[in-house]
Amino acid sequence: RPSPGFVAKTYKWMDGKEAEKDKIFINIVQSDKIAEPTKQTTPKGDCWSLPYSLGPPHMEKDKKGENSTCFDCCYHPMALSLGSMNTNFRNMLVTTAMDGVEEAYKRQGHKVTLDRQFHVVKGISYKEG
């Protein structure tokens, strides 16, 4: 079972209807069963490969007790360690997870967009209940 890491909160909307935003949480978790991230340095900069596993959506309560969609995105512990030392790397973990969430909806035939203006929820390492 993956270990908790941190939680990102953002908003999603379907079919370009930005006025109809819904809150969404992404649990960034870790397991050594996921391959380590790798870096390739090029003349244009570093290029990272970030293997991950995205779980199915599940509903969790927000602090007001309302249901919100939640996904678990699992990376290798080294990825979370790098993210804890570098905000840009942590942001890359979240945006990579967001890309995966959008792709998961797309495979289900839904055009969902996630707001890239996310924030990391303080004091919570895993959103449940």
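All residue numbers refer to position in the chain's written sequence, counted from 1. Predicted model: local features are reported for residues with pLDDT of at least 70 only, side-chain atom pairs are reported and counted for 80 or more only, and whole-chain, interface and lining totals are derived from all residues. As a rule here, side-chain values cover all heavy atoms of the structure and leave hydrogens and water aside.

## Structural notes on the pattern of salt bridges
Opposite charge on two side chains lets them pair, provided their charged atoms get close.
Okay, step 1: A pairing counts as a salt bridge when a side-chain nitrogen of Lys or Arg comes within 4 Å of a carboxyl oxygen of Asp or Glu. What the rule picks out here adds up to five salt bridges.
Okay, step 2: The partner of Lys21 in a salt bridge is Asp115, with the nearest N and O atoms 3.4 Å apart. With Lys21 in the loop between β1 (3-14) and β2 (22-30) and Asp115 in the loop between β8 (112-114) and β9 (119-120), the pair connects residues that are 94 residues apart, well separated along the chain.
Okay, step 3: For Glu102, the salt bridge goes to Arg116, with nearest N and O atoms at 3.0 Å. Placement of Glu102 in helix α2 (residues 87-107) and of Arg116 in the loop between β8 and β9 is noted, with a sequence separation of 14 residues between them.
Okay, step 4: Each residue's exposure class comes from its accessible area (1.4 Å probe, protein chains only) as a fraction of the maximum for that residue type: buried when under 20%, exposed when over 50%, partly exposed otherwise. Of the residues examined, Glu102 reaches a relative accessible area of 19% and is grouped as buried.
Okay, step 5: Linked through salt bridges whose partners overlap, the residues forming this network are Asp99, Glu102 and Arg116. Only runs of H or I of at least four residues qualify as helices and only runs of E of at least two qualify as strands under DSSP, and these elements are numbered from the N terminus.

## As for the nonpolar core
Okay, step 1: As used here, the term nonpolar core means buried Ala, Val, Leu, Ile, Met, Phe, Trp, Tyr and Cys residues forming a set that is joined through side-chain atoms within 4.5 Å. In this structure, Ile26, Ile28, Tyr75, Val101 and Leu114 are the most contacted members of the largest nonpolar core, which totals 21 residues.
Okay, step 2: At the level of elements, β1, β2, β7 (67-75), α1 (77-85), α2 and β8 are the ones that each hand at least two residues to this core.
Okay, step 3: With seven residues, α2 is the single largest residue contributor to this core.
Okay, step 4: Ignoring sequence-local partners within four residues, the contact set of Ile26 consists of Phe6, Val7, Ala8, Phe71, Cys73, Ala97, Met98, Val101 and Leu114. Contacts were defined at the residue level, with two residues in contact if any of their heavy atoms lie within 4.5 Å.

## A look at the side chain of Lys9
Okay, step 1: Mapped onto the elements, Lys9 comes out in strand β1.
Okay, step 2: Counted charges follow a simple rule, with Lys and Arg positive, Asp and Glu negative, and His plus the chain ends left uncounted. Buried and unpaired, Lys9 has no salt bridge, with Asp62 as the nearest side chain of opposite charge at 7.1 Å.
Okay, step 3: Excluding anything up to four places from it in sequence, Lys9 contacts Lys23, Ile24, Phe25, Phe118, His119 and Val121.

## A closer look at α2
Think of an α-helix as 3.6 residues a turn; residues three or four steps apart then line up on the same face.
Okay, step 1: The terminal C-alpha atoms of α2 lie 30 Å apart, and with 21 residues this matches the ideal 30 Å at 1.5 Å per residue to within 8%.
Okay, step 2: Those residues of α2 lying buried are Phe89, Leu93, Val94, Thr96, Ala97, Met98, Gly100, Val101, Glu102, Ala104 and Tyr105.
Okay, step 3: As used in this structure description, the phrase polar contact means that two N or O atoms lie within 3.5 Å; if the pair is within protein, one of them must be able to donate a hydrogen and the other to accept it, and residues adjacent in sequence are counted only when both atoms belong to side chains. Backbone nitrogen of Asn88 and a side-chain oxygen of the N-cap are separated by 2.8 Å at the start of α2; the cap is Asn86.
Okay, step 4: Phi for Gly109, located one or two positions after α2, is positive at around 85°. In this scheme, a helix's expected span is set at 1.5 Å multiplied by one less than its residue total.

## Brief notes about α1
Okay, step 1: Among the residues of α1, those classed as buried are Ala79, Leu80 and Gly83. One side of α1 holds all its buried residues, which, seen down the axis, span an arc of 95°. Turned more than 90 degrees from where α1 packs its buried face, Ser84 and Met85 sit exposed.
Okay, step 2: Against the buried residues of α1 lie β1, β2, β7 and α2. Directions from the helix axis toward the C-beta atoms define the arc.

## Notes on the packing of aromatic side chains
Two aromatic rings are characterised by how far apart their centres lie and by the angle between their planes.
Okay, step 1: Classification of ring pairs uses Phe, Tyr and Trp, with its six-membered ring standing for Trp, and accepts pairs whose centres are within 6.5 Å; under 30 degrees between planes counts as stacked, over 60 as edge-to-face, and the remaining range as tilted. A full pass over the atoms with the stated rule returns three aromatic pairs.
Okay, step 2: Where Trp48 meets Phe89, the ring centres are 4.9 Å apart and the plane angle is 80°; that geometry is what we call edge-to-face. Remark: Phe89 occurs in helix α2 and Trp48 occurs in strand β4 (residues 45-49); sequence separation between them is 41 residues.
Okay, step 3: Measuring from ring centre to ring centre gives 5.8 Å for Phe71 and Tyr105, while their planes differ by 70°; the resulting arrangement is edge-to-face. Separated by 34 residues along the polypeptide, Phe71 in strand β7 and Tyr105 in helix α2 bring together distant segments of the chain.
Okay, step 4: According to the relative accessible area criterion, Tyr105 is buried, its value standing at 11%.
Okay, step 5: Here, a charge over a ring is recorded when the distance from Lys NZ or Arg CZ to the ring centre is within 6 Å and its angle to the ring normal is within 35 degrees. Of note, Lys127 hangs over the ring of Phe25, and the distance from its end group to the ring centre comes to 4.9 Å.

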